[in-house]
Amino acid sequence: MTLSYEYMALAAAACWALGSLLSAQASSHLGAFAFTRWRMLCAASLLWLIAAISGGWATLAFSSFGLLLLSGVIGIFIGDTALFAAMNRLGPRRAGVLFATHSLFSVVLAYFFLGETLWGWTLIGSSLLISGVMTAIFFGKRKTELHAWEANQSQLTSGVALGLLAALCQAVATLMLKPLMETDIDAVAASAVRMTTAFVLHQIIFMLGFKVARAYLPMNKKVFLLVLANAALSMVLGMTLILQALKYGDAGLVAILSSVSPVLVLPLLWLIYKRSPATGAWLGAVLTVLGTMLILLK
């Protein structure tokens, strides 16, 4: 039985939530840029292999490469880089709130450029879901758990700008692929082209000697396995599910449903660290669940 696009988007969010738990140790060991570069290399390698075995490369027309390359540059290379830079200035919590606005950008852009509209219970559900995600992120930690970076106010303006840029890039990169994904193009092969583009650009930055691209500590077997698992979950399975969902569903609604990953992380963190989420996280989770149910039952 084939999953509907709504469940594909939610499954992608679950992949990103699980993947994020695997990224903390590896990212702190390698540094954000080195971790991203290694993760893209692993993801691109897996995607190329899967596309070769499945015959997905045969579905790629030469005319589609330009759009896939541009989407990879905007969504993965610029978007991810801006998000990491925003985290460095604002901390992961506030940067996460800003990045969650990508679903709002997606809805607005889908309305103007794709003619998509949300009405009735779907609109109410979408509003509740977005509000819940932002509530869970912004009020989801106790004061004693706030990240040290959040005490830094000197780069607030640039941090906010970078966070919004990351969200906008995510929305633009997703929407520009909607018409292409409605063709017979294979989602795995499309992901492989996007991921390879972003990796090549990250590799160029590293080869040019930029300090920010260097790894903090050398790669080891344990860290590599964490990077590989994160790449397989977040970037191979998660991103492919999103592209597959775009074949059948509205781009704005796919973006909204896939934005629930910060809420899905909460029970996983509770399970691992044995500490109940803060009250704000519970409130956000309730709003998100209600919004999701209204969308699925529309």
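Data block above holds the structure.
The shown structure was predicted, so the numbers you read here are calculated from the model rather than taken from an experiment.

Taken as a whole and judged by the stated rule, the model has two salt bridges. A salt bridge links aspartate 80 to arginine 39; the shortest N-O distance between them is 3.8 Å. With a gap of 41 residues between them, aspartate 80 in helix α3 (residues 65-90) and arginine 39 in helix α2 (residues 32-54) connect regions that are remote in the sequence. Each of the two residues, aspartate 80 as well as arginine 39, counts as buried. Ionic pairing is found between lysine 178 and glutamate 182, a salt bridge with its closest N-O pair at 3.2 Å. Accessibility expressed as a relative area gives 6% for lysine 178, which makes it buried.

Here the focus is the nonpolar core. Membership of the largest hydrophobic core comes to 76 residues, with the highest contact counts inside it found for Leu68, Met181 and Met195. Here the element with the most residues in this core is helix α10 (residues 221-248); it accounts for 12 residues. Those residues in contact with methionine 181 that lie beyond four places of it in its chain are Ala187, Ala190, Leu243, Leu246 and Lys247.

On to the packing of helix α9 (residues 187-207) against α10. At their nearest, the axes of α9 and α10 sit 9 Å apart, and the two run at 120 degrees to each other. In terms of axis orientation, α9 runs oblique to α10. You can see that α9 and α10 cross each other, and the crossing is right-handed. On α10, the residues touching Ala187, Val188, Ala190, Ser191, Arg194 and Met195 of α9 are Met235, Met239, Thr240, Leu243 and Gln244.

Applying the stated criterion to the full structure yields three aromatic pairs. Here the aromatic rings of tryptophan 48 and tryptophan 57 are separated by 4.5 Å at their centres, their planes lie at 50 degrees, and the arrangement is tilted. The exposure class assigned to tryptophan 57 is partly exposed, which follows from its relative accessible area of 24%. Note on tyrosine 111 and phenylalanine 112: the rings are 5.2 Å apart at their centroids and 80 degrees apart in plane angle, and the pair reads as edge-to-face.

Its 23 residues give α2 an end-to-end C-alpha distance of 32 Å, which sits within 8% of 33 Å, the value for a rise of 1.5 Å per residue. Following α2 by one or two positions, glycine 55 has its phi on the positive side, about 85 degrees.

What counts and how
Residues numbered from 1 in each chain as written. Predicted model: local features only at pLDDT ≥ 70, side-chain atom pairs only at ≥ 80, totals over all residues. Heavy atoms only, no water. Salt bridge = Lys/Arg side-chain N within 4 Å of Asp/Glu carboxyl O. Helix = DSSP H or I, 4+ residues; strand = E, 2+ residues; numbered from the N terminus. Buried < 20%, exposed > 50% of the residue type's maximum accessible area, 1.4 Å probe, protein only. Core = buried A, V, L, I, M, F, W, Y, C linked by side-chain atoms within 4.5 Å. Contact = heavy atoms within 4.5 Å. Axes fitted to C-alpha atoms, helices over the stretch in contact; angles between N-to-C directions. Parallel < 35°, antiparallel > 145°, perpendicular 65-115°, else oblique. Left-handed = near helix turned anticlockwise from the far one by under 90°. Phe/Tyr/Trp six-rings, centres within 6.5 Å; stacked < 30°, edge-to-face > 60°. Expected span 1.5 Å × (residues − 1).

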